[in-house]
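Okay, here's what each chain looks like letter by letter:
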There are 2 protein chains.
Amino acid sequence: MNFKERAKELVSKMTLPEKISQLIYEAPAIERLNVPAYNWWNEALHGVARGGCATVFPQAISMAASFNDVLLNEVATAISDEARAKYNEYKKFGETKIYQGLTLWSPNINIFRDPRWGRGHETYGEDPYLTARMGTAFVKGLQGNDDGVKYRKTDATLKHYAVHSGPEALRHGFNAKVSDKDLYETYLWAFKYCIDNADPSAVMGAYNRVEGEACCASERLLGDILYGEFGFSGYVVSDCGAICDINNNHKITKNEAESAALALNNGCDLNCGSAYKWLKTAVALDLISEEVITKACEKLFEARFRLGMFDSDCEYDNIPYEVVECEKHRNLNIKMAEESMVLLKNNGILPIKDSENKVIAVIGPNADEKSVLLANYNGTPSRYTTILRGIQDASNGRVMYAPGCHVTKENPIHNDSIHIEEAVIAAKKADIVIMVMGLNPTLEGEAGDAYNADLSGDKADLELPKSQRNLINKIAELNKPVVFVNVSGSAINLGFEDENFDAVLQCFYPGAEGGKALADVIFGKTSPSGRLPVTFYKSIEDLPPFEDYSMENRTYKFFKGTPVYPFGHGLTYSEIEENWIDENTVELTNKGEYDTAYSVLKFEYIPHKNLCGFKKVFIKAGEKLKVEF
Amino acid sequence: MNFKERAKELVSKMTLPEKISQLIYEAPAIERLNVPAYNWWNEALHGVARGGCATVFPQAISMAASFNDVLLNEVATAISDEARAKYNEYKKFGETKIYQGLTLWSPNINIFRDPRWGRGHETYGEDPYLTARMGTAFVKGLQGNDDGVKYRKTDATLKHYAVHSGPEALRHGFNAKVSDKDLYETYLWAFKYCIDNADPSAVMGAYNRVEGEACCASERLLGDILYGEFGFSGYVVSDCGAICDINNNHKITKNEAESAALALNNGCDLNCGSAYKWLKTAVALDLISEEVITKACEKLFEARFRLGMFDSDCEYDNIPYEVVECEKHRNLNIKMAEESMVLLKNNGILPIKDSENKVIAVIGPNADEKSVLLANYNGTPSRYTTILRGIQDASNGRVMYAPGCHVTKENPIHNDSIHIEEAVIAAKKADIVIMVMGLNPTLEGEAGDAYNADLSGDKADLELPKSQRNLINKIAELNKPVVFVNVSGSAINLGFEDENFDAVLQCFYPGAEGGKALADVIFGKTSPSGRLPVTFYKSIEDLPPFEDYSMENRTYKFFKGTPVYPFGHGLTYSEIEENWIDENTVELTNKGEYDTAYSVLKFEYIPHKNLCGFKKVFIKAGEKLKVEF
C-alpha cells in the first residue's frame, strides 16, 4: 500500500471525534490505533527554531541578499538534517511536542511590499522572482527530494497564503484590496513557482482577508486558485488563531462552528488554534459533512506516513544528534553570512589592512548585541560571535569599544548608563571608527513578539531612532574615517551615512556567526558579494500608505522616486565588468585585485524592469568567465 | 596652602546660594570662580560601574569568598586606575557627569544579616571581621594611599551607614531596632575598623532609621559615634533621596526644608537627591545657620582639592586610557574569579581529566547567561566569557548544551521555548553533566533595579525557583555523574544537591571572566580555594523574621540550627592539614596531589565562635608551611 492508501485505511478506523481531533495542530494520541500524539507546529525559517540548540543561520532577508539559491539549498539541507536529528531523539519520549516535529512552517514567501512591515525580514524581499527561486531552493532542501528516497525528510510550508504583508496591528481583521494583475504578478507568483518546482507539502493560510474573503476559508484563493489553477496537492494549515478571526474579527461568520465549517469546506485541512473543536457542532448543524472531515484527515495522515512516522525503515531515522551545530554547519553558516553582507558604499577604506598598526573604535548599540544575530523565529546557538567579538578576534591591533547610546532610549535609566562621551573618546583615539547601528528584532517583528507595542512590530518610518541619530551626528563631526554598519531587517534611510561616511555596509540579521562573517569582510578575508533584496528608500513620504496593497509606486519595479540604494545594489572589493553577448550570455571580467563571489542579475523590461534571472559565480582577480542563463 | 586652606579661601568667595548648590551631588559650575560642574555620583563596587567599558571583577560577595584581602587590594588598585583613566578623559569635556567622577560610592560594608536581602551580594558577607578586612583593603586600593603622594587617587565611600540590610521594599521608611551590643559588635564594627585602618574619604548615610533616628540625620550615629567616638574626618553623603524620606516616609519632619536642616546640622554634608535645594528656605526660617553650610562646603572642596581637580600636578593625571580593560587587569580578574570559587562538595569527580575522551553536557539557564557574570553595580565588559563558553573553550572533547528550563518561568512563552527533553537528551548522551543553575541579578538586587517586583529585589525563601527544581529532579533521576554549579549572590538551600550530586560548586557572580575561571577550576588548571562568606542555611524557617534586626540565631556566630554548609566552608583539590602550634602559629601540610591556594581561618570564642584572623597562602603538593598571625 502506498502512503495514501495506508492513510485511508487508518482513518477508516477512526470515529468522527477522533478524526476531528486530528485536524487540530495539537493532535492527541489515539492509543487503540497506535497513533502517538503529534504537535504539527514547528518552525525553521533560518535554522530549526524554538526547538532548543540549533545552527542559527542568517535571517531569511539576509540569505536573500546572498542571491545564491544553490547555497541556500545547502543551508536548508543542513536545517532539515538538524530537524530530523532532533525529532529522532524527541520522539523517543513517546510523543513530540510543539517545536519538536517534522512539519516545518517555513519558508515565509510573502512579498516585502512596504518597508514598514515588521515581519518583512522573514521574507526573501520585494521581488517575486527572487522570492520564488529562494523559496524553491529552501523547500527542496527541507523536504529532501533525494532520488530513490521513499520518505520525505521534513514538510515545508509556504506561508502566508496570500497577499499578507502588514500592518501587523490590523492583521486579524484586515481586508486587502488587490487587483488581479498585482495578485498574480506579485502576490501569488512565488507560491505558484514553488508549487511547480519544489512540490511543497503544505501551505499556510494567512490571517487577513483578500477582497472580502478570509484567506483560510477563501473559495477563490484555496479552491479556485491553489488547488485548481496551481494544482497544489498538499495540505493547508491555518495561521494560528486565524479560523477564530473569521467570526471574531472578520465578522464573516457568527461563531467558531461556522468558521470551522467554512474553512474546512474550502480546503483548510489543519487548524493551528482551537476553532476546529467546534467541527462536531458544525456536523450536527449540517454545516459540514463527515466526508470532508475524513478527506482532510486522510491528507494529514498521508503526510505523516510520508514522513516515515509510522515506519522503521525511514532513511532519515539514522541522522544522528551529532549533526546539530556540527562544524560543517558552522562553516556553512559563516559562508552564508559572508555572502549576505551588502557593501553599499566604499571609498577604498575597506578592506582594512595592516590592522596591527591601527586602533579601531567599535561604536554603537548593536556592536555587542546577541539579539541582532538571531532575528526572530530562531533557535538557540550554543556558540555565537557578536560583531564586536568578531572584530576583536580578527584584528591584530587594539580594538576599543563604546556602545555610545541606547538603541532607542534617549535618556537611559541610571543603572544602565551609556556615555556618548565614551564613544567620542574612543573615536578620537582611533584610526578607524566602525559604527554598528540599526534596529533589532524587538523593534521590528511580529505583533505580540516585538515590543514596540504602539506599532505591533511595524516601523513608523525609515529613520534610525533619535538616540542613534544623535550619536551619528556627534561622530560625524569628528571627521574620522568611518565604516558604517547598519544592522536591520528592512530598509533604513541611509542618505546621511552615504554622504558622510567612507563605507556603508548593510548586514541585516546575520546569524550566530554574523560577527565572524562581518569581520571576514571588513578585514578582507572575503570580498562582499551580497545585493539588496529590497529597495532602500529615502522616506516613507515617497511611498503609498502602508494599508494600500496596490503595487503602484512600490518596489524597484514600480517606484517612481529615487532611492538611496536601489534593489540589487551591492559592491565587491573588486571590479567586475559585465559584457552581455546576447540576452542569455554574459562575459564577466574581474578587472580588480580581489577574488570575489559575484551575482549576475538578468533583468527584462515588460514594460517595467523585472528580474528574470540570477546566478552567483566565483571569479578570481584577472579572470574572465562566461555565464549562461 | 594646604587643601583645607585652599578650600576655605575658595568657599569664602561664594554666595550662600552658590554654597548651597555645591552641597548637592549634581554640583553646578561657578564660572566666575573657575569651578567646573561636578557630579559626585560614581560607583565602583567591583569595577568602575555604569561609566561605560571597564574591567568587571567578580561581585563583592564573590571577592569576599576569596578570603584574600591582599588580592582584593590589587583589584581595587586596578579599579581606581581605570576610574582615574576615565576621569582624565571625561574631564576634557569641561565637566564630569554622573558616573564619570572620582568620588566612588563603594564599598558596601553592610552586614549580610539575612539571606533574603536582595542587596546582600553587594557586601562582603555576614562576618564583621571579614567585612572589615576586605573593606579596608578595598578602600586603600581605591584611594591610593601611596607614600609620598600629594593627592588622593579616588575617594572611597563606606556605605550604608548604618545597620542597613533590608527588607528592600521597606527601606525608605524602616526603623531598625538594634541593641547596643549588636550595633557595636556587628553593624558598626567594620565601619570603625575601616576608619581606623584605611582613612576613607566618605561615608554614605542609609535610608532607614535606627532606633527612631533617620541615619542621614542621626545625632547619635553621625555626631556622637561617627565623628565623635570613631573620629571620622571625612564627609558624609546621603543615600539618593534619603533626605526627602525623612519627611515623606519617616515622618520625622514636616517638609524638605526641615529634613535638609536636620541632616546637615547633624553632619550629612552632601545630598544625593534634591532636598538640599530647600536649604535656602531653611536658612530663612532659622532652621540652620550659614556657618554650618559653609563648613560642609569647605569639607567638600577640600576633598575636591585633595583629588587634584584644581591642579595640574596630580600624580594620577597621567594614568592613560589604555589601562581600561588592559591585559593585566584581565588576568587579575581571572585570578580573583578563580580564588572566589567555592567547592562545597566533591566526591572525586573534580577536576575533570582527559576531557578529550568525555562528552560533557552543560545544562541550565545560567550556563550562557551574561547577566550573572556582571551582577549589579557593574560596568560594561567589552569581552566576557560565559560559563558555557569557558567550558567549551577549555574542554578538548564534545560539549553539548541545553538551557533546560527558564530561570523562573515554569511555562515559557511560545517564542522562547525551552525543552526539558533537550536537557534530558544531552544528559543521557554525556559522560559528565554540569548543571549551571541559580539566580540572577534581576531576581535578587536593589529595589527598583531588580525585577521581582513583588519583593523589590529580596528573596522569599532559599529555594531555587520551581522551574529549576523540576529540571534538577529530572536530571537527578538519570543517575549520571553531575557537577552542580550554583550561581547566586546569596545562600540557597543546596541540601538536595549535596545529597544527590557528585560535586557542588558555588560561584556567586564571578565577573566578566567568570566562565574562564570556573573552567580553570573544573578542569583542574587551578585548585579551588574560596570559602563561604555567608552561612548556607536549610530554610528561612530556621531564622528569625526578616525585619528582626537582633543578631540572635543569625550568622555562624549565633545560629542555633544546622546549616547545609557553614560559614567558612570550602574545599580544595588537595588535602591541607592544619597543625596549630600556638594560638598565633599554624603549620600547614599539603598532603594531597595538587598545588593550591589556601585560606587559614583563625577563630576565637568570646564566648561565641568569632573569626579573628585569616591569611591566604599558596602551598605546593607535599609542602609544609608555617603561617603566623
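Look a little higher up for the structure.
Each chain has its residues counted from 1, running along the sequence as written. Naming scheme: in the order in which they are written, chains are lettered from A and ligands are numbered from 1. Local features in this predicted model are restricted to residues of pLDDT 70 or higher, and side-chain atom pairs are both shown and tallied only at a pLDDT of 80 or more, whereas totals for entire chains, interfaces and linings draw on every residue. Side-chain numbers here rest on the full set of heavy atoms in the structure, without hydrogens or water.

### Remarks on helix 7 (residues 189-198) of chain A
Residue and element names in this part refer to chain A. To keep it simple, the criterion reads: Partly exposed residues are those whose accessible area sits between 20% and 50% of the maximum for their type, while under 20% is buried and over 50% is exposed, using a 1.4 Å probe and protein chains only. Put simply, DSSP marks the helices as runs of H or I at least four residues long and the strands as runs of E at least two long, and each gets a number from the N terminus on. Along the arc lie the directions from the helix axis toward the C-beta atoms. Whether two residues are in contact is decided by their heavy atoms: any pair within 4.5 Å suffices.
Among all positions of helix 7, only Ala-190, Phe-191, Cys-194, Ile-195 and Ala-198 are buried. The arc that holds every buried residue of helix 7, seen down its axis, measures 135 degrees, which confines them to one face. Those residues of helix 7 that are buried lie in contact with helix 5 (128-143), strand 4 (155-161), helix 6 (180-187) and helix 8 (219-229). Positive backbone phi, at 50 degrees, marks Asp-199, one or two positions downstream of helix 7.

### Overview of the relation of the copies chain B and chain A
Our working rule: C-alpha atoms of residues with pLDDT of at least 70 in both copies form the basis for the least-squares superposition of the copies.
When chain B is fitted to chain A, the residual RMSD is 0.0 Å, and the transformation amounts to a turn of 180 degrees plus an axial shift of 0.0 Å. As the rotation angle and translation indicate, the two copies are arranged about a two-fold axis. Residue Lys-370 of chain B of chain B places its C-alpha closer to the rotation axis than any other residue of that unit, at 5.3 Å. An overlap of 100% is found between the interface residues of chain B and their copies at the interface of chain A, pointing to a shared contact surface.

### Description of the pairing of strand 16 (residues 576-582) of chain A
Remark: a regular strand shows side chains that alternate across the two faces of the sheet. All names here are of chain A. Applied cut-off: Strands qualify as paired when DSSP identifies two bridges or more between them.
Pairing between strand 16 and strand 17 (residues 585-590): 6 bridges, direction antiparallel. Of the residues in strand 17, the one forming a bridge with Trp-580 is Val-586. A loop of 2 residues connects strand 16 with strand 17, the two strands running antiparallel in sequence.

### Some points on the interface of chain B and chain A
So the rule is basically this: Buried surface area refers to the total accessible area, computed with a probe of radius 1.4 Å, that the two partners give up upon joining, counted for both partners together. The salt bridge criterion pairs a side-chain nitrogen of Lys or Arg with a carboxyl oxygen of Asp or Glu, the two atoms within 4 Å. Think of a polar contact as two N or O atoms within 3.5 Å of one another; within protein, one of them needs to be a possible hydrogen donor and the other a possible acceptor, and neighboring residues in sequence only count if both atoms come from side chains. Amino acid classes used here: Ala, Val, Leu, Ile, Met, Phe, Trp, Tyr, Cys and Pro are nonpolar; Asp, Glu, Lys and Arg are charged; the rest, including Gly, are polar.
Contacts between the two partners involve 39 residues from chain B and, on the opposite side, 39 residues from chain A. Regarding the contact of chain B and chain A, the summed buried area is about 3900 Å², with carbon and sulfur atoms giving 48% of it. On the surface where chain B and chain A come into contact, there are 12 salt bridges. Our count for the contact surface shared by chain B and chain A stands at 20 residue pairs in polar contact (both at pLDDT 80 or more). Mapped onto the side of chain B that touches chain A, the elements with two or more residues apiece are helix 4 (69-90), helix 15 (387-394), strand 12 (399-402) and helix 16 (420-429) of chain B. Among the elements that take part in the side of chain B that touches chain A, helix 16 of chain B stands out by supplying 5 residues, more than any other. Here the side of chain B that touches chain A is composed, by residue class, of 14 nonpolar, 10 polar and 15 charged.

### Things to note about the pairing of strand 9 (residues 235-238) of chain B
Residue and element names in this part refer to chain B. Alternating residues of strand 9 divide into Tyr-235 and Val-237 and Val-236 and Ser-238, and every residue in both groups is buried. Bridge count for strand 6 (residues 202-205) against strand 9 is 4 bridges, and the pairing is parallel. If you follow Gly-205 over to strand 9, its bridge partner there is Ser-238.

### Some words on the state of the cysteines
Stated formally: Two cysteine sulfur atoms make up a disulfide if the distance between them is within 2.5 Å.
Throughout the structure, instances matching the rule amount to 2 disulfides over all chains. Each sulfur of the disulfide joining Cys-240 of chain B and Cys-272 of chain B lies 2.1 Å from the other. Torsion about the S-S bond of the Cys-240 of chain B and Cys-272 of chain B cystine: about 95 degrees, corresponding to right-handed handedness. Taken together, the residues span a long stretch of sequence, with Cys-240 of chain B in the loop between strand 9 and helix 9 (242-248) and Cys-272 of chain B in the loop between helix 10 (256-265) and helix 11 (279-284) at a distance of 32 residues. Each member of the pair, Cys-240 of chain B as well as Cys-272 of chain B, carries the same accessibility label: buried. The closest cysteine sulfur to the non-disulfide-bonded Cys-215 of chain A is located on Cys-216 of chain A, 6.7 Å from its own sulfur.

### Description of the packing of aromatic side chains
The criterion, for reference: Only Phe, Tyr and Trp rings are paired, with Trp represented by its six-membered ring, and only when their centres lie within 6.5 Å; those with planes under 30 degrees apart are stacked, over 60 edge-to-face, the remainder tilted. Two limits define a charge over a ring: the Lys NZ or Arg CZ must be within 6 Å of the ring centre, and within 35 degrees of the ring normal.
One pass over the full model with this rule turns up 52 aromatic pairs over all chains. Ring centres of Tyr-556 of chain A and Phe-567 of chain A lie 4.2 Å apart, and the angle between their planes is 10 degrees; on these two criteria the pair is classed as stacked. On the criterion of sequence distance, the pair formed by Tyr-556 of chain A in helix 20 (residues 555-558) and Phe-567 of chain A in the loop between helix 20 and strand 16 is long-range, its members being 11 residues apart. In this pair, the class of Tyr-556 of chain A matches that of Phe-567 of chain A, namely buried. Relative to Trp-105 of chain B, the ring of Trp-41 of chain B lies with its centre 5.6 Å away and its plane at 15 degrees, an arrangement referred to as stacked. Taken together, the residues Trp-41 of chain B in the loop between strand 2 (38-39) and helix 3 (60-65) and Trp-105 of chain B in the loop between strand 3 (103-104) and helix 5 (128-143) connect sequence positions 64 residues apart. Take Trp-41 of chain B and Trp-105 of chain B: they sit in the same class, and that class is buried. Pairwise contacts between aromatic rings join Phe-67, Tyr-129, Trp-189, Tyr-193, Tyr-556, Phe-567, Phe-603 and Phe-614 of chain A into one cluster. A cation over an aromatic ring shows up here: Arg-133 of chain A above the ring of Phe-614 of chain A, its NZ or CZ 4.0 Å from the ring centre. Positioned above the aromatic ring of Phe-603 of chain A, the side-chain terminus of Lys-609 of chain A is 4.3 Å from the ring centre.

Geometric values such as these leave the question of function open.
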